[in-house]
Amino acid sequence: IQLTQSPSSLSASVGDRVTITCRASQSINTYLNWYQQKPGKAPKVLIYTASNLQSGVPSRFSGSGSGTEFTLTISSLQPEDFATYHCQQTYTFWTFGQGTKVEIK
Amino acid sequence: EVQLVESGGGLVQPGGSLRLSCAASGFSFSAYWMTWVRQAPGKGLEWVANIKQDGSEKYYVDSVKGRFTISRDNAENSLYLRMDSLRAEDTAVYYCARCPYSILTHYYIDFWGQGTLVTVSS
């Protein structure tokens, strides 16, 4: 199963609403997770099973979708949110998307 | 506090072997699926292998099948990745990670180690 994230990168300002899309090559139910990764660090889970917010993650992060199309939304971008975001499917033989880099405008 | 500490990375020649270790602490290691995920320099994440709590099920990405072996020692709270016939394209940071599982939430990774760099080059 292939995951395609769009866009591959984006520039945004603090306070902006940001949406990242992850499309699967076949239906994966809701078995889709989102991670944030900062340079030189391990990834950190934000959302699991499409829409469940991991404990300790700010509520400005949200996820939605099922089947083949999923979105990660940051309602009001904060300085600490500039990072790369990865989606991951665990429906069968796990795969990750190619990543979306969120940069400062 | 949950901790996962990888070791064993380094420089190895093409065709060589390496064994990565991951020492787990701060949680009941034997209760969790565990996984290895790698990231080539400047690239995205790639799942490598999973192992069930008791080691009875193991899964691998196609590109490492027959060359890599995942294993665990629950008595020692340790996860391993034996890597044989290494290729240049195996060069990456290798992360050990914990995977909660339930029927409702399915799998996801909730804790990652800091990673260990494997460089395959002559």
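Now for a look at the structure at hand. In this text, all values refer to a predicted model and were calculated from it rather than measured experimentally.

Parameters at a glance
- Residues numbered from 1 in each chain as written.
- Chains lettered and ligands numbered in written order.
- Predicted model: local features only at pLDDT ≥ 70, side-chain atom pairs only at ≥ 80, totals over all residues.
- Heavy atoms only, no water.
- Helix = DSSP H or I, 4+ residues; strand = E, 2+ residues; numbered from the N terminus.
- Contact = heavy atoms within 4.5 Å.
- Areas by Shrake-Rupley, 256 points an atom, 1.4 Å probe, with all protein chains shown as cover.
- Lys, Arg positive; Asp, Glu negative; His and termini not counted.
- Charge placed at Lys NZ, Arg CZ, Asp CG, Glu CD.
- Buried < 20%, exposed > 50% of the residue type's maximum accessible area, 1.4 Å probe, protein only.
- Pairing = 2+ DSSP bridges.
- Buried area = accessible area lost by both parts, 1.4 Å probe.
- Polar contact = N/O pair within 3.5 Å; in protein donor to acceptor, adjacent residues only side chain to side chain.
- Nonpolar A, V, L, I, M, F, W, Y, C, P; charged D, E, K, R; others polar.

Details of the overall build of chain A
Item 1. A count of helices and strands for chain A gives zero helices and 11 strands.
Item 2. The linear arrangement of helices and strands in chain A, starting from the amino end, is β-β-β-β-β-β-β-β-β-β-β.
Item 3. With the principal axes as the frame, chain A shows a C-alpha extent of 35 × 25 × 25 Å.
Item 4. For chain A, the share of sequence-separated contacts (at least 6 apart) that also reach a separation of at least 24 residues comes to 56%.
Item 5. Roughly 4700 Å² of accessible area belongs to chain A as shown, and the carbon and sulfur atoms make up 45% of that amount.
Item 6. Between the averaged position of the 8 positive side-chain charges in chain A and that of its 5 negative side-chain charges there is a distance of 4 Å.

Considering the pairing of strand β4 (residues 32-37) of chain A
Residues and elements named next belong to chain A.
Item 1. Judged by how many residues are buried, β4 sits mostly within the fold: six of six residues are covered.
Item 2. In β4, alternate side chains face the same way, and those of Leu32, Trp34 and Gln36 on one face and Asn33, Tyr35 and Gln37 on the other are all buried.
Item 3. Note that β4 and strand β9 (residues 84-89) share six bridges and pair antiparallel. By the bridge assignment, Tyr35 is partnered in β9 with His86.
Item 4. Bridge analysis of β4 against strand β5 (residues 44-48) gives three bridges, and the strand direction is antiparallel.

Considerations on the side chain of B:Gln39
Item 1. Mapped onto the elements, B:Gln39 comes out in strand β4 (residues 33-39).
Item 2. On the basis of relative accessibility, which here comes to 13%, the residue B:Gln39 falls in the buried class.
Item 3. For B:Gln39, the contacting residues outside a window of four places in its chain are A:Gln37, A:His86, B:Gly44, B:Leu45, B:Ala92, B:Val93 and B:Tyr95.

Quick word on the interface of chain A and chain B
It is common to report an interface's size as the accessible area lost on association of the parts.
Item 1. At the interface, 19 residues of chain A touch 21 residues of chain B.
Item 2. Taken together, the two surfaces of chain A and chain B that pack against each other cover about 1700 Å², and 66% of this comes from carbon and sulfur.
Item 3. Counting the contacts that link chain A with chain B gives seven residue pairs in polar contact (both at pLDDT 80 or more).
Item 4. Listed by contribution, the elements that provide at least two residues to the side of chain A that touches chain B are β4, β5 and β9 of chain A.
Item 5. It is β4(A) that contributes the most residues to the side of chain A that touches chain B, three residues altogether.
Item 6. Residues of the side of chain A that touches chain B, tallied by class, amount to 10 nonpolar, eight polar and one charged.

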